[in-house]
Amino acid sequence: MSDLILFWHRRDLRLSDNTGLAAARRQSAKIVGVFCLDPKILQRDDVASVRVSYMIGCLQSLQERYAQAGSQLLILHANPTQAIPALAAALSAKAVFWNWDVEPYSQQRDRTVIDALKEKGIQFLEKNWDQILHAPENIRTGVNTAYTVYTPFWKNWSSKSKVKPVETLLNSQGLTEAENDIARQAGTIELPSAKDLGFHWDEELVIIPGEAQAQEQLEEFSAHRINEYQEQRNFPAVNGTSQLSAALKFGVIGIRTVWQATLDALQNSRSEETVASIRTWQQELAWREFYQHAMYNFPELAQGAFRETFKSFPWKTNEEHFQAWCEGRTGYPIVDAAMRQMNEIGWMHNRCRMIVANFLTKDLLINPQWGEKYFMQKLIDGDLSANNGGWQWSASSGMDPKPVRIFNPASQTQKFDPEGEYIRQWVPELRSLDTEYLVSGNIPASEREALDYPAPIVDHKQQQRLFKELYQQQKDL
Ligand code: FAD
Ligand code: FO1
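Residues numbered from 1 in each chain as written. Chains lettered and ligands numbered in written order. Predicted model: local features only at pLDDT ≥ 70, side-chain atom pairs only at ≥ 80, totals over all residues. Heavy atoms only, no water.

Draft legend 1. Focus on the domain arrangement of the protein chain. Splitting the protein chain by domain gives domain 1 (1-130), domain 2 (131-164 + 211-297) and domain 3 (308-476). For domain 1 and domain 2, the distance between their C-alpha centroids amounts to 26 Å. Across the contact, 22 residues belong to domain 1 and 20 residues belong to domain 2. Carbon and sulfur atoms supply 52% of the area that domain 1 and domain 2 bury against each other, a total of about 1900 Å² over both sides. Contact with domain 2 buries surface across domain 1, with Arg 11, Val 102 and Trp 129 losing the most and accounting together for 32% of the total. Where domain 1 packs against domain 2, one counts four salt bridges. (Domains from an automatic or database assignment. Contact = heavy atoms within 4.5 Å. Buried area = accessible area lost by both parts, 1.4 Å probe. Salt bridge = Lys/Arg side-chain N within 4 Å of Asp/Glu carboxyl O.)

Draft legend 2. Fine view of the sheet that holds strand 2 (residues 31-37). One open sheet holds the five strands; their spatial order is 3-2-1-4-5, and the pairing between them is parallel. Lying at the two open borders of the sheet, with one neighbouring strand each, are strand 3 (73-77) and strand 5 (123-124). Sheet analysis places strand 1 (residues 5-9) next to strand 4 (residues 95-97), joined by three bridges and oriented parallel. Across the sheet, residue Phe 7 finds its bridge partner in strand 4, namely Phe 97. Across the sheet, helix 1 (residues 19-27) lies against strand 1, strand 2, strand 4 and strand 5, angled at about 175° from strand 1, the strand it touches most. (Pairing = 2+ DSSP bridges. Helix = DSSP H or I, 4+ residues; strand = E, 2+ residues; numbered from the N terminus. Axes fitted to C-alpha atoms, helices over the stretch in contact; angles between N-to-C directions.)

Draft legend 3. Molecular detail of unusual backbone geometry. Even without glycine at this site, Asn 144 takes up a positive phi of about 60°. Along the polypeptide, Asn 144 turns up in the loop between strand 5 and helix 6 (150-159). A positive phi angle is found at Leu 365, which is not glycine, with a value near 55°. Looking at the secondary structure, you find Leu 365 in the loop between helix 15 (350-363) and helix 16 (368-378).

Draft legend 4. Broad picture of the environment of Pro 236. Structurally, Pro 236 is set in the loop between helix 9 (229-232) and helix 10 (245-249). Its relative accessible area of 9% is what places Pro 236 among the buried residues. It is 50 Å that separates the C-alpha atoms of Pro 236 and Ala 93, two residues lying 143 residues apart in sequence. If near-sequence neighbours (up to four positions away) are discounted, Pro 236 is found in contact with His 349, Cys 352, Phe 416 and Tyr 422. (Buried < 20%, exposed > 50% of the residue type's maximum accessible area, 1.4 Å probe, protein only.)

Draft legend 5. Broad picture of the site of ligand 2. Neighbouring ligand 2 are 18 residues, the closest being Cys 36, Arg 51, Asp 101, Glu 103 and Lys 249. In the environment of ligand 2, an oxygen atom lies 2.6 Å from a nitrogen or oxygen atom belonging to the side chain of Asp 101. In this structure, Arg 109 approaches ligand 2 through a side-chain N or O atom, which is 2.8 Å from an oxygen atom. Protein chains bury 98% of the 520 Å² of accessible surface belonging to ligand 2 in isolation. Residues that form the shell around ligand 2 fall into these classes: nine nonpolar, one polar and eight charged. (Near = heavy atom within 4 Å. Polar contact = N/O pair within 3.5 Å; in protein donor to acceptor, adjacent residues only side chain to side chain. Areas by Shrake-Rupley, 256 points an atom, 1.4 Å probe, with all protein chains shown as cover. Nonpolar A, V, L, I, M, F, W, Y, C, P; charged D, E, K, R; others polar.)

Draft legend 6. A look at the packing of aromatic side chains. A complete count under the given rule lists 32 aromatic pairs for this structure. Ring centres of Trp 129 and Tyr 296 lie 5.2 Å apart, and the angle between their planes is 85°; this geometry places the pair in the edge-to-face category. Taken as a pair, Trp 129 in the loop between strand 5 and helix 6 and Tyr 296 in helix 12 (residues 272-297) lie far apart in primary sequence, 167 residues in all. We note that Trp 129, like Tyr 296, is buried. An angle of 50° between the planes, with centres 4.4 Å apart, marks the rings of Phe 313 and Trp 315 as tilted. An identical accessibility class is assigned to Phe 313 and Trp 315; each is buried. Residue placement shows Lys 162 over the ring face of Trp 157; its charged tip is 4.4 Å from the ring centre. (Phe/Tyr/Trp six-rings, centres within 6.5 Å; stacked < 30°, edge-to-face > 60°. Lys NZ or Arg CZ within 6 Å of the ring centre and 35° of its normal.)

Draft legend 7. A look at the packing of helix 12 against helix 17 (residues 384-395). Packing of helix 12 against helix 17 brings their axes to within 8 Å, and their N-to-C directions diverge by 95°. By the angle between their directions, the pair helix 12 and helix 17 is classed as roughly perpendicular. Packed against helix 12, whose contacting residues are Tyr 291, Gln 292 and Met 295, the element helix 17 presents Leu 384, Ser 385, Ala 386, Asn 388, Gly 389, Gly 390 and Trp 393 at the interface. Taken together, the residues of the contact of helix 12 with helix 17 sort by class into five nonpolar, five polar and no charged. (Parallel < 35°, antiparallel > 145°, perpendicular 65-115°, else oblique.)

Draft legend 8. Broad picture of the pattern of salt bridges. In this structure the tally under the stated criterion is 21 salt bridges. A salt bridge links Asp 110 to Arg 10; the nearest nitrogen and oxygen atoms lie 2.9 Å apart. With Asp 110 in helix 5 (residues 104-120) and Arg 10 in the loop between strand 1 and helix 1, this residue pair connects regions lying 100 residues apart in the sequence. Taken as a pair, Asp 110 and Arg 10 share a single burial class, namely buried.

Draft legend 9. Here's a closer look at the site of ligand 1. In the neighbourhood of ligand 1, 28 residues make up the surrounding shell, with Tyr 229, Thr 241, Ser 242, Gln 243 and Asn 350 lying closest. For the shell around ligand 1, the elements supplying multiple residues, two or more each, are helix 10, helix 12, helix 15 and helix 17. Tallying contributions element by element places helix 12 first for the shell around ligand 1, with six residues. For the shell around ligand 1, the class distribution of residues is 15 nonpolar, eight polar and five charged. Each of domain 2 (131-164 + 211-297) and domain 3 (308-476) contributes no fewer than three residues to the shell around ligand 1.

Structure below.
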């Protein structure tokens, strides 16, 4: 057995502030990375081309980082439950290390890998968290149950001290020529392009892949925009949020580094407003963690509604309405702008994610699982826990103490896109219309027809009543 530790990357595509990688480096001077392109994930029907393109870009950049450190990132394209233990055995690695993940698929995959490694007498790192600041086991209610409500979760979570960023892998020995040959025989390949894997994204990526870019984005945001976050974050026409979600999804930046940036910003803060803004951004990071803990504690969330009332809700199955929603042709300008933003660039502003999710479930009365899947098919940051959490929150089917939440598209536009700037950007055929029409959504029929813009596919007031009736019936069952 050699000194080699294989480090298996999955959604931690970086060398800096990586807890598992730092633990590996403490135990050995020879760390070689491996990423396994997993057909079980890549062949699912909810994988966005834009997300795979971003991931491949991050892998390219990670390969460069490994080369600079004196080592390499190997690539496999196979079932990891066989390929990872087989590669480790072929290279006589003493251990395989990786960071744990909350997703149900991950848990099952990793247990199988652990069994195979045990059989081969290869060590592994026991349940090491990296994506989150606190292990789910450490954030429990007074009666030792998992939280199902955000506010008390936040109180507990934010009161706990947080680990500082861990050391970056700066140097490591790599494989010898002979070991490289062995690795090739064990199935390692050159990194394919997203296209080679069947994913076509020809547009420029809205988020540039790679660790250096994510770090730069964090520095830029936490030096300036974080101070106005509370005020700016709700306006989709404004660049008021960090756009770090894809980097956080794939662990292209470490969460401890992100948290430290908020502490530094607080320290430099000169007014109550900036402190409040930074705290608000910290709360968003806590939402991310709340949903990850929730997925870990209640894996059944991935299968459907959390609340009993919604487990057998009579959702409509109107394919035409669903298609109009997907394409951004509902006749509701704010909904259409948002869907077109996502279809075109693979990212959507949070305010708009809430508006369109609310519209699909409360106005079209369509099962949130349809929308959840469509989001996963389109988003660069598509993430099971955050997406499922966001959809269940919007559908009122999840962990939200408010029984029913209904958004009125016109009042949302009035509050958050009062000049129709965002609508004009994403629905070009409406650019020349008076702002009043864009905001109210009451576009005269003659204008609509001339612009080839659809009439509203449903009536908001009527659908709101219908939803409430159905909800009441379900509750009374
Ligand atoms: P910022 O406002 O800068 O927030 C910083 C970070 O905090 C984000 O990058 C993200 O990691 C986290 N965060 C912020 N808000 C939330 C939230 N409500 N829930 C969980 N984490 C949050 N986020 C995803 O990362 N992936 C998804 O697939 C996803 N799907 C969503 C679906 C719906 C229906 C809704 C309502 C929200 C969804 N979100 C999802 C949460 C949120 O919309 C995005 O994280 C946010 O818009 C990303 O932009 P940002 O990085 O500029 O966020
Ligand atoms: N992780 C992998 O280890 N291999 C992959 O091929 C892979 C593809 C992929 C595509 C889209 C996406 O959103 C995530 C992807 N991931 C991949 C990361 C994945 O989130 C983690 O592997 C999880 O642990 C799976 O539960």
